[in-house]
Every structure is written in structure tokens, then in C-alpha cells.
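# Secondary and tertiary structure notes
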Amino acid sequence: VQLQASGGGLVQAGGSLRLSCAVSGRTFSNYIMGWFRQAPGKEREFVSAITSGGGNTYYTDSVKGRFTISRDNAKNTVYLQMNSLKPEDTAVYYCAADKKGLHVVRLSSWYDYWGQGTLVTVSS
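The numbering scheme is per chain: residues are counted from 1 as the chain's sequence reads. Only residues with pLDDT of at least 70 are given local features in this predicted model, and only at 80 or more are side-chain atom pairs given and counted; all residues enter the totals for whole chains, interfaces and linings. Calculation of side-chain values draws on the structure's entire complement of heavy atoms; hydrogens and water are dropped beforehand.

Strand pairing follows a simple DSSP-based rule, namely that at least 2 bridges must link the two strands. In DSSP terms, a helix is any run of H or I states spanning at least four residues, a strand is any run of E spanning at least two, and both are numbered starting from the N terminus. The strand order across the open sheet built from 4 strands is β1-β3-β8-β7, with neighbouring strands paired in antiparallel fashion. Among the strands making up the open sheet, the edge pair consists of β1 (3-6) and β7 (67-72). Neighbour to neighbour, the strand axes of the sheet diverge by 15° on average, direction disregarded. Where β1 and strand β3 (residues 17-23) come together, 4 bridges link them in antiparallel fashion. Each residue of the ladder has a partner; that of Leu3, found in β3, is Val23. To obtain each axis, a line is fitted to C-alpha atoms, and for helices this fit is confined to the stretch in contact; angles are then taken between N-to-C directions over 0 to 180 degrees.

Written out as C-alpha cells, the structure reads:
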């Protein structure tokens, strides 16, 4: 299984970006998908997750109301729409896949597969 994240870039505060994560393989629809981020000098932190069918979504408090996670199982892709971006959102964003499906969504060590990361830089 390979994950390819894209969509990062430089944006001004208040702007928007949409991240995408394309997943290879035929079992994407079975995976819980998550987004994590890691800012310079900080640990990797949970951002958002979505269950296999898209029926449940999870967010860290700092992005609630600004970020939206979604998925298209026909395209094997998960998205993270990021609006009202703030400088503190600056980080490398990683997508991850969990094949176990037990909804332990906020723990990075629970995920089985990881993408390479895409850099988001928000200028003030």
C-alpha cells in the first residue's frame, strides 16, 4: 500500500488549501484514514480522521470549524479542506491509513501505512 499526499504550499493567513492523499491498492474503502501534522521542533500531532465509509469524522480542537476531511472511495483518495488558515497551522502534513478499523484514530502509532508528507506554510 502506498500513500501519496499532495496539495501543500504557501498561503497567507486566512487563505485555504486542499490536501489530497491518493492510496494504491484495492482495499482503500476498508481503511480508516487520518491526517497528522508535524511542525518544526514539535512532535507529530493528530489533525483529523474519517472512517471507512465516511460516516464518522474526527478533528483536533484547534481545527474544528476550519478543516473538513472527506473521502472518495471510488478514487481511493482522502481530502483535507483547510480554510481560515493560521500561521500555527504551518507544518508537514501526513496522511495515514489504518487497516484495523477499531477507531483508535488519534494515536499515530496505530496507523499501518503513511504517506511522505506535504508542506503547508501559512504566512502572517
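In this description, the term disulfide denotes a pair of cysteine sulfurs within 2.5 Å. Following the criterion strictly, the structure yields 1 disulfide and no others. With its sulfur 2.1 Å from that of its partner, Cys21 forms a disulfide with Cys95. When the S-S torsion is 65°, as for the bridge of Cys21 with Cys95, the disulfide is right-handed. With a gap of 74 residues between them, Cys21 in strand β3 and Cys95 in strand β9 (residues 91-98) connect regions that are remote in the sequence. Burial classes: relative accessible area under 20% of the type maximum marks a residue as buried, over 50% as exposed, and values in between as partly exposed (1.4 Å probe, protein chains only). For Cys21, a relative accessible area of 0% gives the class buried. With a relative accessible area of 0%, Cys95 lands in the buried category.

Another point: the pattern of salt bridges. Opposite charge on two side chains allows them to pair when their charged atoms are near. By definition, a salt bridge exists where a carboxyl oxygen of Asp or Glu is found within 4 Å of a side-chain nitrogen of Lys or Arg. Scanning the model with the defined rule gives 6 salt bridges in all. A salt bridge links Arg37 to Asp89; the nearest nitrogen and oxygen atoms lie 3.0 Å apart. One end of the pair, Arg37, is in strand β4 (residues 32-38); the other, Asp89, is in the loop between β8 (77-82) and β9, with 52 residues separating them in the sequence. Here the two residues Arg37 and Asp89 agree in accessibility, since each one is buried. Asp112 is the salt-bridge partner of Lys100, the closest N and O atoms lying 3.0 Å from each other. One end of the pair, Lys100, is in the loop between β9 and β10 (113-114); the other, Asp112, is in the loop between β9 and β10, and 12 residues separate them in sequence. On the basis of relative accessible area, Lys100 is assigned to the partly exposed category, the value being 36%.

Here β3 lies mainly inside the structure; 5 of its 7 residues are buried. With 6 bridges joining them, β3 and β8 adopt antiparallel strand pairing. Residue pairing in the sheet places Leu19 in a bridge with Leu80 of β8.

Worth remembering: the numbers are spatial, not functional.
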